[in-house]
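Inside the fold
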Amino acid sequence: MDQLIVSVSVVRGTVGTSLTSRVACDFGCAFGTMLGAGKTVTIARDTRPSGPMVRSAISAGLLSCGVNVIDLGVVTTPGAALMTAKLGADGGVIVTASHNPQPYNGIKFLQPSGTALTATDAIRLKQIYEKGEFALVDGSSLGVASENKKTHSHHIEAICGIVDVIGIASKRFKVVLDSINGAGCVVTPELLGMLGCEVAHINAEATGVFAHQPEPIEQNLTQLCETVRKHKAAIGFAQDPDADRLVLVDENGRFIGEEYTLALATAFVLSRRKGKVATNLVTSRMIDDIAAEAGCEVVRAPTGEANVAQAMVENGCILGGEGNGGVIEPRVVAVRNSLVGMAYILQYMAETGKSLSELVAEIPSYAMIKTKFPCPAGVAEEVCSRTKQAFADRPGVKFNDADGLRIDLDDAWACVRASNTEPIMRIAAEAPDEQTANALVAEVRKIADAVIAQIK
Ligand code: MG
């Protein structure tokens, strides 16, 4: 991936080749041009060593267009989003490549609410960047640069305001936290300390030198699982480098799967308050079972965090998120938030008196299979249409074509969609057992292969 990726939600590239200081400065100018002189933008970064360079270049671009820049320093993505809204800024910028390895960095642009830009604004920004005609101002009208170091305290305050701090603290939970030397390193142990936890913190230096591959998936979390066992901890938490995603390890040191973070948070929230929840089309149907039991509705939005956030606003949802470990609590800020996830899971354990493995066992489990494969541009539509035909006569079948195609059957689903950022196609399926899920994936894959073969 040595090509600069400019998708709806983010600009991402390899530092020094596709993502240079010039590219970053031009994106700063483009965002400044789009907003206009006199506006104010927050800027934040994760711990990557390339962060100061990219941050400085974007800031220079913004300032040169007369836009004021408030530097939040190294903070989490949800923290930066929260401050953008709290400070009444006209937009925000986060320098992060999220779960991608260290050679990468990225730029995420935020609306005043803290949520990622809408698709319309993202396209507009890209057009301004590509055209390269920027509204530069003269030396007397440049933007003003300032700093604000209060993100962590405001973030902790917002979370403690919606959970039972005393109830959680009374349990004195022993937890292991893996912050992958990322943006969660400082604020997360502070929050867990407020919640009365005894914290064993691994990969706790905010160096951006990742101790393992940064995506919080099973094969990258062996150290966390071992440390939970060693300390006989109640739970293990893994964050990604910008601390928006959270993955859990149970008290036996068992990785329980990223889909469970949102499922458990939903079970907790709906046990206390009733309301709609939103998620994307490829999140586990565990959330449907949990919501149905609580008498609540699930809204399914197209893939992409901003789409889920938008669906939450449109439907007045009380919780939302993604199956990749992203819990969105709109009362804190409408972006995925690993810290909210931790506080909710701890309170769920505290209130029920149950261990994490016991809470997991209460949720009906499914087997989910995901696959991706190279696919030439422009075939997705044909694949979706043929898949729809092939499944049309299945009993109880329902289709959702908001993003690719999702096929819902009585006790299983499959989804096929083209990636927004890479020339690949993804198929996911979930069923009560692995064999059925695999068979569903194979069936859709066969259709996709046939379409691709015809084109070649
Ligand atoms: Mg992330």
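Above this text sits the structure in question.
Figured I'd write up the structure that's included with this text. (Residues numbered from 1 in each chain as written. Predicted model: local features only at pLDDT ≥ 70, side-chain atom pairs only at ≥ 80, totals over all residues. Heavy atoms only, no water.)

On to the coordination of the magnesium ion. Ideal geometry at a metal centre: 109.5 degrees between donors when four sit tetrahedrally, and 90 or 180 degrees when six sit octahedrally. Each protein donor to the magnesium ion is listed here as S98 (OG), D240 (OD), D242 (OD) and D244 (OD); together their distances run 2.0 to 2.2 Å. What makes S98 buried here is its relative accessible area of 14%. On the basis of relative accessibility, which here comes to 0%, the residue D240 falls in the buried class. (Donors = N, O, S within 2.8 Å, 3.2 Å for Na, K, Ca; no water. Buried < 20%, exposed > 50% of the residue type's maximum accessible area, 1.4 Å probe, protein only.)

The contact between helix α9 (residues 259-272) and helix α10 (residues 286-293) brings their axes to 9 Å, and the two run at 5°. By the angle class used here, α9 and α10 are roughly parallel. Each of E259, Y260, L262, A263, T266, A267 and L270 in α9 lies in contact with α10, whose residues at this interface are M286, I287, I290 and A291. Classifying every residue of the contact of α9 with α10 gives 9 nonpolar, 1 polar and 1 charged. (Axes fitted to C-alpha atoms, helices over the stretch in contact; angles between N-to-C directions. Helix = DSSP H or I, 4+ residues; strand = E, 2+ residues; numbered from the N terminus. Parallel < 35°, antiparallel > 145°, perpendicular 65-115°, else oblique. Contact = heavy atoms within 4.5 Å. Nonpolar A, V, L, I, M, F, W, Y, C, P; charged D, E, K, R; others polar.)

Let us now look at the sheet that holds strand β9 (residues 198-202). Taken together, the 4 strands give an open sheet; going across it, the order is β9-β8-β10-β11, and neighbouring strands pair in mixed fashion. Single-partner strands in this sheet number two, and they are β9 and β11 (246-249). Put simply, the sheet's adjacent strands are angled 25° from each other on average, direction ignored. Both strand β8 (residues 174-178) and β9 contribute to a ladder of 5 bridges, which runs parallel. Paired with L177 across the strands is H201, a residue of β9. Strand contacts of helix α7 (residues 187-194): β8, β9 and β10 (235-239), with the helix running at about 170° to β8, the strand carrying the most contacts. Relative to β10, helix α12 (residues 338-352) is tilted by about 165°, and along the sheet it contacts β8, β10 and β11. (Pairing = 2+ DSSP bridges.)

Now for the nonpolar core. I235, F237, L248, L264, L346 and L356 are the most contacted members of the largest nonpolar core, which totals 64 residues. Here this core takes 10 residues from α12, the largest share from any one element. When neighbours within four sequence positions are excluded, I235 is seen to be in contact with K174, V175, V176, V228, L248, V249, I345, L346, M349 and L356. L35, L62, V69 and A122 belong to the second-largest nonpolar core, a separate cluster that totals 27 residues. (Core = buried A, V, L, I, M, F, W, Y, C linked by side-chain atoms within 4.5 Å.)

The description of an aromatic ring pair rests on the distance of the ring centres and on the angle between the ring planes. Under the criterion given, the structure shown has 5 aromatic pairs. Seen in terms of ring centroids, F27 and F109 are 6.0 Å apart; in terms of plane orientation they differ by 35°. Their pairing is tilted. Separated by 82 residues along the polypeptide, F27 in helix α1 (residues 21-35) and F109 in strand β6 (residues 104-110) bring together distant segments of the chain. There is no split in this pair, since F27 and F109 are both buried. Ring geometry for F268 versus Y348: centroids 5.9 Å apart, planes at 55°, classification tilted. Here Y348 lies in helix α12 and F268 lies in helix α9, a separation of 80 residues in the sequence. It is R406 that lies over the ring of W413; its NZ or CZ is 4.4 Å from the centre. Across the ring face of F373, the terminal group of R445 is positioned such that the distance to the ring centre comes to 4.0 Å. (Phe/Tyr/Trp six-rings, centres within 6.5 Å; stacked < 30°, edge-to-face > 60°. Lys NZ or Arg CZ within 6 Å of the ring centre and 35° of its normal.)

Everything listed here is a matter of geometry and, on its own, says nothing about what the molecule does.
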